[in-house]
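Geometric and topological summary
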Amino acid sequence: MKNNKLRNGIIIGSVVLLALIAGTSAVTVVPAGHTGVIVTMGKVSDRVLSEGMHLKVPFAQQIVMMNNKIQKTEIDSNGVSKDLQTVSSGVAINYHINKDDSAKIYQSIGEGYADTVLQPAIQESMKAITAQYTAEELITKRSAVGEEIGATLAEKVQEYGILIDKFNIINFDFSEEFNAAIEQKQVAEQNKLRAETEKEQKVIEAQADAEQKVIAAKAEADAIRQKAEAEAEANEKINAERKRSEVPADRKVERRIPQCGFLGFLDSGGRFFRQSRFDTAGRKRGRITAAAEHHCFAVFA
């Protein structure tokens, strides 16, 4: 009797335990940023599970979690530039896998898709694009080179369901000889720029000096012109004053005779109206009246 009860307890316990295990196996939870790939007895289903809790067939189905979050990988690459310079570069890539392609990726590539597909594609893209630029262009056009490599890489891995979010060139390294040549070229360019700057400064100073001389010469010419105009104006005034003070030649006739004589005055009509007596020294001996009032001729007789 006791053995039967014990046997029944064991059976009931086993059934409960099996039920608990089966119930646990029938539930799966897909975490955030992942998709669940359903594998039934080794066969991969085209349907994937989204985030959250899902039911599955206990013991018959397995759920493989595929990470759909943005991931990062860094890789070093070696290549040759267009001018046959050895180029060592380091790049960093942000990428993620497409949720709808999770089952295909797991079925065709597996969970190691980064090592299997992504890194070889990075190496190939780096070598292909760096070969199209000279070493100097890789430095001066670094941003454009990075964009072109990123676009080439995205095109290569897109067919596998891998999407490139960001491609960054961390560094470009060249041989010591090339680095020395670049440094010498930079020094030469700096010296050339300094020489051109000094030359331009001298030209500017020369132009400023020439402009100052032109301004000074113009000022001196203006001063000479103003002085000449002032002198001409003064001469005109002097000549005008002289003309006003002189008696016209057709109104004055003077004749000196030796010994003593008389000074006679004629009016504007030529009529004699007054005379005065002068000695031989020209000293007046008589009075002369109204001579200026008649604009007369003065004649010595």
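Here's what I pulled together on the structure shown here. Quantities reported herein were computed from a predicted structural model and do not represent experimental measurements.

Another point: the packing of aromatic side chains. All chains considered together, the criterion is met by 1 aromatic pair. Ring plane angle 35° and centroid distance 6.4 Å describe the contact between Phe172 and Phe174, whose orientation is recorded as tilted. Accessibility assignment for this pair places Phe172 and Phe174 in one class, buried.

Let us now look at unusual backbone geometry. One non-glycine residue, Met41, adopts positive backbone phi at about 50°. As for its position among the elements, Met41 is in the loop between β2 (34-40) and β3 (43-49). A positive phi angle is found at Phe59, which is not glycine, with a value near 65°. Within the secondary structure layout, Phe59 lies in the loop between β4 (52-55) and β5 (61-67).

Another aspect to go through is the pattern of salt bridges. Close approach of charged atoms allows side chains with opposite charge to pair. Across all of its chains, the model carries 7 salt bridges by this definition. Between Lys72 and Glu74 there is a salt bridge, with its nearest N and O atoms 3.1 Å apart. On the basis of relative accessible area, Lys72 is assigned to the exposed category, the value being 55%. Residues Lys213 and Asp209 are paired through a salt bridge, measuring 3.5 Å at the closest nitrogen-oxygen approach. Taken together, the positions of Lys213 and Asp209, both in helix α6 (residues 176-245) and 4 residues apart, correspond to about one turn of that helix. Residue Lys213 is classed as exposed on the basis of its relative accessible area of 55%. Judged by relative accessible area, Asp209 falls into the partly exposed class, the value being 37%. The structure contains a network of salt bridges with shared partners spanning Asp222, Arg225 and Glu229.

Quick notes on the rules
- Residues numbered from 1 in each chain as written.
- Predicted model: local features only at pLDDT ≥ 70, side-chain atom pairs only at ≥ 80, totals over all residues.
- Heavy atoms only, no water.
- Phe/Tyr/Trp six-rings, centres within 6.5 Å; stacked < 30°, edge-to-face > 60°.
- Buried < 20%, exposed > 50% of the residue type's maximum accessible area, 1.4 Å probe, protein only.
- Helix = DSSP H or I, 4+ residues; strand = E, 2+ residues; numbered from the N terminus.
- Salt bridge = Lys/Arg side-chain N within 4 Å of Asp/Glu carboxyl O.

Functional significance is not addressed by these values, which are geometric in nature.
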